[in-house]
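Descriptive structure summary
Spelled out, the chains give:
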2 protein chains.
Amino acid sequence: MPSKTTTSASVSGATSSRARGVPKPVAKFRMRITAGDVIAIGPGKIALLEAIVETGSITAAAKSLDMSYRRAWLLLDELNRALRKPAVDSAKGGQHGGGSAITDTGRQLIDLYRRVESTAARACQADLRRLIGLIAR
Amino acid sequence: MPSKTTTSASVSGATSSRARGVPKPVAKFRMRITAGDVIAIGPGKIALLEAIVETGSITAAAKSLDMSYRRAWLLLDELNRALRKPAVDSAKGGQHGGGSAITDTGRQLIDLYRRVESTAARACQADLRRLIGLIAR
């Protein structure tokens, strides 16, 4: 997952006067949309879509996430089946080479998902700081 | 986890004119506070605290969550160590019997955590409905 999106969806403890080497507590949201037992949309699938945007192919995306091609293909197939319209064009064909294109639905999915994470973190900022304040330093 | 809290932190798809037997997509938030590699606060520990409030003991709470006593005790020990003040009184002693009491910190932790989940779901309601709208019915 790109660090910028992780940051936008996180609330960290205060950085002032912290001893070096003590890990700073960080709050992270993970959102999943489930339909019955199936996770239709979740952080793994979104990270995979983003990696396809960045690398231009399923093969390279899978590699960048330290995931097998087979695992990536199965995730995309499951995602495409869950959606009204596919998120990745070549996923159904299962080509190993390049040419995997994120669709408009795929881009919309990434944007909405990341916006939800950052909206959630922003809306809960005060309570997240209270929670982090309960943690020992 | 009590169903009431799950509901308050969820956004479901429209219920009108849905075919019976088709699972309705539901959006769920999970929030974790990490410090380094350790998950200081997460959904499992909060569900365990709530079960202790409901059942009055670690043993009964573990049983109600289909968890071993040892696993419950380790989670509570990890949680207490992560906090400024313990969330459960008897966790450090490790008594198997009754007398496990949630502290003020423990209650504060549950309340803040569940409020964060419901605030997040409410703040993101429109985008969550858009995301659910992308899912096939």
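Residues numbered from 1 in each chain as written. Chains lettered and ligands numbered in written order. Predicted model: local features only at pLDDT ≥ 70, side-chain atom pairs only at ≥ 80, totals over all residues. Heavy atoms only, no water.

1. Remarks on the side chain of T34 of chain B
Tracing the backbone shows T34 of chain B in strand β2 (residues 25-35). Once residues lying within four places of it in the same chain are set aside, the contact partners of T34 of chain B are K24, P25 and V26 of chain A together with I39 and A40 of chain B. (Helix = DSSP H or I, 4+ residues; strand = E, 2+ residues; numbered from the N terminus. Contact = heavy atoms within 4.5 Å.)

2. Describing the confidence of the model for chain A
Residues and elements named next belong to chain A. Within chain A, residue pLDDT values average 83, and 78% of them lie at 70 or more. Scored below 50 in pLDDT, residues 1-8 makes twelve contacts in the model with residues more than four places away or belonging to other chains. This prediction of the complex comes with two scores: 0.78 for pTM and 0.79 for ipTM. (pLDDT = per-residue confidence, 0-100.)

3. Things to note about the relation of the copies chain A and chain B
Of the two same-sequence chains, chain A is brought onto chain B (RMSD 0.0 Å, axial shift 0.0 Å) by a rotation of 180 degrees. Such a turn and shift between the copies fits a two-fold axis. Across chain A, the smallest distance between a C-alpha and the rotation axis is recorded for A120 of chain A, namely 2.2 Å. Interface overlap between copies is the fraction of interface residues in one copy that are interface residues in the other; for chain A against chain B it reaches 100%, indicating a shared surface. (Least-squares fit on C-alpha atoms with pLDDT ≥ 70 in both.)

4. Some words on the environment of A40 of chain A
Tracing the chain through its elements places A40 of chain A in strand β3 (residues 38-41). A C-alpha to C-alpha distance of 13 Å links A40 of chain A and I110 of chain A, two positions 70 residues apart in sequence.

5. Describing the interface of chain A and chain B
As a measure of interface size, the accessible area lost when the parts come together is often cited. Between chain A and chain B, the residue contacts involve 41 residues of the former and 41 residues of the latter. On the chain A side of the interface with chain B, the three residues burying the most area are R84, L131 and L134 of chain A, jointly 18% of the side's total. The interface formed by chain A and chain B includes two salt bridges. Where chain A meets chain B, there are 13 residue pairs in polar contact (both at pLDDT 80 or more). For the side of chain A that touches chain B, the residue count by class is 25 nonpolar, six polar and ten charged. As paired elements, strand β2 (residues 25-35) of chain A and β2 of chain B share eleven bridges and run antiparallel to each other. Paired with T34 of chain A across the bridge in β2 of chain B is V26 of chain B. (Buried area = accessible area lost by both parts, 1.4 Å probe. Salt bridge = Lys/Arg side-chain N within 4 Å of Asp/Glu carboxyl O. Polar contact = N/O pair within 3.5 Å; in protein donor to acceptor, adjacent residues only side chain to side chain. Nonpolar A, V, L, I, M, F, W, Y, C, P; charged D, E, K, R; others polar. Pairing = 2+ DSSP bridges.)

6. Details of the packing of aromatic side chains
Following the criterion strictly, the structure yields one aromatic pair over all chains and no others. With centroids separated by 5.7 Å and ring planes inclined at 80 degrees, the aromatic side chains of F29 of chain A and F29 of chain B adopt a geometry described as edge-to-face. Placement of the pair is F29 of chain A in strand β2 and F29 of chain B in strand β2, with the two residues belonging to separate chains. For the pair F29 of chain A and F29 of chain B, one class covers both residues: buried. (Phe/Tyr/Trp six-rings, centres within 6.5 Å; stacked < 30°, edge-to-face > 60°. Buried < 20%, exposed > 50% of the residue type's maximum accessible area, 1.4 Å probe, protein only.)

7. Points about the packing of helix α5 (residues 104-123) of chain A against helix α6 (residues 125-133) of chain B
Their axes nearest at 10 Å, the elements α5 of chain A and α6 of chain B cross at an angle of 150 degrees. Judged by the angle between their axes, α5 of chain A and α6 of chain B are roughly antiparallel. Two packed elements cross with a definite hand, and for α5 of chain A against α6 of chain B that hand is left-handed. Residues L109, L112, Y113, R115 and V116 of chain A of α5 of chain A form the contact with α6 of chain B, whose participating residues are D127, L128, R130 and L131 of chain B. Along the lines of polarity and charge, the residues of the contact of α5 of chain A with α6 of chain B split into six nonpolar, no polar and three charged. (Axes fitted to C-alpha atoms, helices over the stretch in contact; angles between N-to-C directions. Parallel < 35°, antiparallel > 145°, perpendicular 65-115°, else oblique. Left-handed = near helix turned anticlockwise from the far one by under 90°.)

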